[in-house]
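# Notes for the structure review
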Amino acid sequence: MKKRDKTDKAKAGTYIRELTFGVEDGLVSTLGFVVGMTTAAVSSRIIIIGGVAEAVAAGISMAAGTYLSVKSQAEFFSSLGRRLSNKKRREISRLNGPVEKPGKASLIMFSSFMIMALIPLLPFFFLEADKALKISILATILALFLFGAEKTRITKRSWFRSGIEMMAVGVIAALAGYLVGVLANTYFGA
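Predicted model, so just to flag it, every value in this text is computed and none were measured. (Residues numbered from 1 in each chain as written. Predicted model: local features only at pLDDT ≥ 70, side-chain atom pairs only at ≥ 80, totals over all residues. Heavy atoms only, no water.)

Another point: the overall build of the protein. Helix and strand content of the protein: eight helices and zero strands. Reading the protein from its N end, one meets helices and strands in the order α-α-α-α-α-α-α-α. Considering only residue pairs separated by 6 or more positions, the protein has 75% of its internal contacts joining residues 24 or more positions apart. A total of about 11,700 Å² of accessible surface is found on the protein, and carbon and sulfur atoms cover 67% of it. (Helix = DSSP H or I, 4+ residues; strand = E, 2+ residues; numbered from the N terminus. Contact = heavy atoms within 4.5 Å. Areas by Shrake-Rupley, 256 points an atom, 1.4 Å probe, with all protein chains shown as cover.)

Scanning the model with the defined rule gives five salt bridges in all. We note a salt bridge from glutamate 100 to arginine 17, for which the minimum N-O separation is 2.4 Å. Of the two residues, glutamate 100 is situated in the loop between helix H4 (86-96) and helix H5 (102-126) and arginine 17 in helix H2 (residues 16-39); the sequence distance between them amounts to 83 residues. Put simply, arginine 153 and glutamate 150 hold a salt bridge, and the shortest N to O gap is 2.7 Å. Given a relative accessible area of 62%, arginine 153 falls into the exposed group. Residue classification places glutamate 150 among the partly exposed residues on the basis of a relative accessible area of 42%. Salt bridges linked by common partners bring Arg17, Glu18 and Glu100 together as one network. (Salt bridge = Lys/Arg side-chain N within 4 Å of Asp/Glu carboxyl O. Buried < 20%, exposed > 50% of the residue type's maximum accessible area, 1.4 Å probe, protein only.)

Reading fine detail from the predicted coordinates is not recommended where pLDDT is low. Counting all residues, the mean pLDDT for the protein is 85, and 86% of those residues have values of 70 or more. H5 holds the highest mean pLDDT among the elements of the protein, 95, whereas helix H1 (residues 2-12) holds the lowest, 55. (pLDDT = per-residue confidence, 0-100.)

One recurring pattern in soluble globular proteins: nonpolar side chains tend to sit buried together. Ranked by internal contacts, the top residues of the largest apolar core, which has 13 residues, are Leu31, Val34, Val35, Ile47, Phe124 and Leu133. Contributing elements (two or more residues each) for this core: H2, helix H3 (44-82), H5 and helix H6 (129-150). The contacts of phenylalanine 124, once residues within four sequence positions are left out, are Val34, Thr38, Ser44, Ile47, Ile48, Ala129, Ala132, Leu133 and Ser136. Of all hydrophobic cores here, the second largest spans nine residues; its members include Val23, Val28, Met116 and Leu144. (Core = buried A, V, L, I, M, F, W, Y, C linked by side-chain atoms within 4.5 Å.)

Together, Val52, Val56, Ile60, Leu118, Leu122, Phe125, Phe126, Leu127 and Ile135 make up a nonpolar patch on the protein surface, roughly 810 Å² of accessible area in all. Those elements that place two or more of their residues in the nonpolar patch are H3 and H5. Among the elements that take part in the nonpolar patch, H5 stands out by supplying four residues, more than any other. Looking at the secondary structure, you find isoleucine 60 in helix H3. (Patch = residues over 30% accessible without salt bridge, like charges linked within 9 Å, V, L, I, M, F, W, Y side chains within 5 Å.)

Moving on: helix H8 (residues 159-188). Taking 1.5 Å per residue as the helical rise, H8 with its 30 residues ought to reach 44 Å, and the 43 Å between its terminal C-alpha atoms agrees with that figure. Taken together, the buried positions of H8 are Ser162, Gly163, Met166, Gly170, Ala173, Ala174, Gly177 and Gly181. Where the residues of H8 are buried, they touch H2, H6 and helix H7 (152-155). (Expected span 1.5 Å × (residues − 1).)

Counting through the fold element by element, glutamate 24 comes out in helix H2. Within the buried set, glutamate 24 has no salt-bridge partner at all; the shortest N-O distance to an opposite charge, 11 Å, is to lysine 151. In this structure, glutamate 24 is in contact with Ser29, Leu144, Met166 and Val169, ignoring residues within four places of it in sequence. (Lys, Arg positive; Asp, Glu negative; His and termini not counted.)

Taken as a whole, this structure holds three aromatic pairs when the rule is applied. Aromatic side chains phenylalanine 145 and tryptophan 159 sit 6.1 Å apart centroid to centroid with 80° between the ring planes, which places their arrangement in the edge-to-face category. One end of the pair, phenylalanine 145, is in helix H6; the other, tryptophan 159, is in helix H8, with 14 residues separating them in the sequence. Classification of phenylalanine 145 as buried rests on a relative accessible area of 15%. Judged by its relative accessible area of 51%, tryptophan 159 is exposed. Both rings, one in phenylalanine 145 and one in phenylalanine 160, keep their centres 6.1 Å apart while their planes meet at 70°; by these two values the pair is edge-to-face. Of this pair, phenylalanine 145 sits in helix H6 while phenylalanine 160 sits in helix H8; the two residues are 15 residues apart in sequence, bridging distant segments of the chain. For phenylalanine 160, a relative accessible area of 47% corresponds to the partly exposed category. By the ring-pair criterion, three or more aromatic residues cluster together here, those being Phe145, Trp159 and Phe160. (Phe/Tyr/Trp six-rings, centres within 6.5 Å; stacked < 30°, edge-to-face > 60°.)

Here it is, written out as structure tokens:
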């Protein structure tokens, strides 16, 4: 029974990397974009158009990169496995965990990225840019914290520490976006 529990936990965590990366990057890159654009005094309409374009392009790029990287990793281990003894193959399999499927991994990456990219963008559909930005920042920081805390069901870390870690990444991205927006407005009169 214990072996099955470990197998179930390993399967649950197989795509945690793609899910975490998609969630974090969907929130953080889109928040950085809207902070930078709002700081550069751009209207909500332009932020929405640019944000949707940024999210779709980034989501497709990340899904394609995930597909290619997971496929390359699988090809590497397959090639390596053909040259090793059964004992060595089992050891490598044990160390690397369950094999990811490139298509599924890229779908998880794309879906999680696109869904989370909506959180920082949605306020701009309903409010003026300055008001929308405040809600966008708060909603993104809250979503980062909640996801960081939630993923501890699989990672078994401290929920608070994991939530703070994900939230800190969002704050750093928001500050970077703000600085880029200030520089763009100062030097280019955007």
